[in-house]
Amino acid sequence: MTKTYAAFYLPEETAPAKFPEQKNVDRITASVRRAVSNAKMNLKNIDISEMARNIDLQSTTEFTQRYAVGALTDIINGNAVTNKTMLDSLFNTYAPALNAGLAQTGFNSLVEMRNAVQAGNINVANFIQGFSNGLSAVQEMSIEKPAKYGEEIPIDVVDKIEYVYSVDTTDRKINRVFTAPKYISDLDNVVVTIFAHVKNENAELWSTNDFGNKIVDIMQNKEKIIFRVGKSIFEDCIIIRYEPTITNIHDIYFEADIKFDYYANSQSQVTQKNIRIMNPIRRLDDSLYNMFCNETYRGIIV
């Protein structure tokens, strides 16, 4: 698969982590354990507390959760679940988990499973085991993993890239050479200037503005970006200047200054799969968490 030679990656928007409500977890755990005790069932392979946490995490409201748990306790006690609200709360709210554990319960569809639950004709142990495993599977899939960078803004053609390395020196004359280091600063942050084009194939002015607005919003919000050029990726960067020039509605020419810390960059480089990542800001392993978004190559670096 071909790749763009340059791109900006905007920060990912991450939703706050959801935590179970302990009072709900305690109530669900007590209800399920009481039903299991009454039914004299052996569920040693199931962590009821963990199942209760997943039930709480995957429910929409406490109201539907209570009805769903009521249906679950009826199933454990070997009773037919004829109450429509209880059936709907269980099968509508936890459809993903029930579907994930479908094969283990021996049913071909959720409709077939629902009919069996409604008739009280179900293997309780298989149902509870499948439901518990399905809850765990859905919860595992819902945990956000850093699998790729955020939103990608591909840059179609890069004309030129300039790197500026600089230090500050004293304005006064230094007479002795051996004292010079005291009057010379450490290397400043590196400034990369990119001269590039972004294509606007449909000649839509709003599309042109969208590109610029995204860059300006990042600058306004003082957010860091990831900059890719060729097989080099610079993480933890800021855009300090963006100057677009629209002389052709089909093509946006722009210049941008990108700044990053040279010392962090030079001391923590990682090379994986022919990609060199400078100043990585997230954990890396053999699975290469820093994956690209889908890309289409249209330009070359001159």
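Residues numbered from 1 in each chain as written. Predicted model: local features only at pLDDT ≥ 70, side-chain atom pairs only at ≥ 80, totals over all residues. Heavy atoms only, no water.

### Observations concerning the overall build of the chain
Helices and strands together make up the secondary structure of the chain, namely 10 helices and nine strands. Per-residue burial over the chain gives 40% buried out of 302 residues. A separation of at least 24 residues holds for 70% of the contacts in the chain among residues at least 6 apart in sequence. Put simply, the chain shows about 17,300 Å² of open surface, and 49% of that area lies on carbon and sulfur atoms. (Helix = DSSP H or I, 4+ residues; strand = E, 2+ residues; numbered from the N terminus. Buried < 20%, exposed > 50% of the residue type's maximum accessible area, 1.4 Å probe, protein only. Contact = heavy atoms within 4.5 Å. Areas by Shrake-Rupley, 256 points an atom, 1.4 Å probe, with all protein chains shown as cover.)

### Here we look at helix α2 (residues 48-57)
Of all the 10 residues making up α2, seven are buried; the element is thus mostly covered by neighbouring parts of the structure. Regarding α2, the residues found buried are Ile48, Met51, Ala52, Asn54, Ile55, Asp56 and Leu57. The N-capping residue of α2, defined by a side-chain oxygen 3.2 Å from the backbone nitrogen of Ser49, is Asp47. (Polar contact = N/O pair within 3.5 Å; in protein donor to acceptor, adjacent residues only side chain to side chain.)

### Concerning the nonpolar core
Ile55, Leu72, Leu90, Val117, Phe127, Ile128 and Phe131 are the most contacted members of the largest nonpolar core, which has 37 residues in total. Among the elements of the structure, α1 (22-38), α2, α3 (62-76), α4 (84-93), α5 (95-100), α7 (110-119) and α8 (124-142) are those that each provide at least two residues to this core. The residues touching Leu72, leaving out its near neighbours within four places in the chain, are Val32, Met51, Ile55, Phe127, Ile128 and Phe131. (Core = buried A, V, L, I, M, F, W, Y, C linked by side-chain atoms within 4.5 Å.)

### So, the packing of aromatic side chains
Inspection of the entire model under this criterion finds eight aromatic pairs. Chaining the aromatic ring pairs together yields one cluster made of Phe8, Phe227, Phe234, Tyr242, Phe254 and Phe260. The ring of Phe195 is capped by Lys160, whose NZ or CZ atom sits 4.6 Å from the centre of that ring. (Phe/Tyr/Trp six-rings, centres within 6.5 Å; stacked < 30°, edge-to-face > 60°. Lys NZ or Arg CZ within 6 Å of the ring centre and 35° of its normal.)

### Focus on the side chain of Thr73
Within the element layout of this structure, Thr73 appears in helix α3. Of the residues examined, Thr73 reaches a relative accessible area of 14% and is grouped as buried. Discounting chain neighbours no more than four positions away, the residues touching Thr73 are Ser31, Val32 and Ala35.

### What to know about unusual backbone geometry
Not every positive phi belongs to a glycine, and Lys40 is a case in point at roughly 55°. Take Lys40: it is sitting in the loop between α1 and α2. Although it is not a glycine, Asp236 adopts a positive phi angle of roughly 60°. Along the chain, Asp236 falls in strand β6 (residues 232-248).

### What about the pairing of β6?
Inspection of the sheet shows strand β5 (residues 225-229) paired to β6 by four bridges, in the antiparallel sense. From the neighbouring strand, Arg228 faces β6, where its bridge partner is Ile233. Bridge count for β6 against strand β7 (residues 251-260) is eight bridges, and the pairing is antiparallel. Paired with Thr245 across the strands is Tyr253, a residue of β7. The antiparallel hairpin formed by β6 and β7 contains two residues in its connecting segment. (Pairing = 2+ DSSP bridges.)

### Points about the environment of Ala103
By secondary structure assignment, the location of Ala103 is in helix α6 (residues 102-105). Sequence separation between Ala103 and Asn126 is 23 residues, and the spatial gap between their C-alpha atoms is 9.9 Å.

### Considerations on the confidence of the model for the chain
With 72% of its residues at a pLDDT of at least 70, the chain reaches an overall mean of 77. Here residues 283-302 is a poorly scored stretch, pLDDT under 50, and it has 58 contacts once near neighbours within four places are set aside; other chains count. (pLDDT = per-residue confidence, 0-100.)

### Let's talk about the packing of α1 against α2
Close contact between α1 and α2 brings their axes to 8 Å; oriented N to C, the two are set at 130°. Overall, the two elements α1 and α2 adopt an arrangement that is oblique. Crossing of α1 against α2: the hand is right-handed. Here Asn24, Val25, Ile28, Thr29, Val32, Arg33 and Val36 of α1 lie close against α2, whose contacting residues are Ile48, Ser49, Met51, Ala52, Arg53, Ile55 and Asp56. Of the residues in the contact of α1 with α2, the class split is eight nonpolar, three polar and three charged. (Axes fitted to C-alpha atoms, helices over the stretch in contact; angles between N-to-C directions. Parallel < 35°, antiparallel > 145°, perpendicular 65-115°, else oblique. Left-handed = near helix turned anticlockwise from the far one by under 90°. Nonpolar A, V, L, I, M, F, W, Y, C, P; charged D, E, K, R; others polar.)

### Topic: the packing of α3 against α4
Contact pair α3 / α4: the axes reach a minimum separation of 7 Å and the direction vectors enclose 100°. Judged by the inter-axis angle, α3 sits roughly perpendicular to α4. Between α3 and α4, the residues in contact are Thr64, Tyr67, Ala68, Gly70, Ala71, Asp74 and Ile75 and Thr85, Met86, Ser89, Leu90 and Thr93, respectively. Its residues assigned to classes, the contact of α3 with α4 comprises six nonpolar, five polar and one charged.

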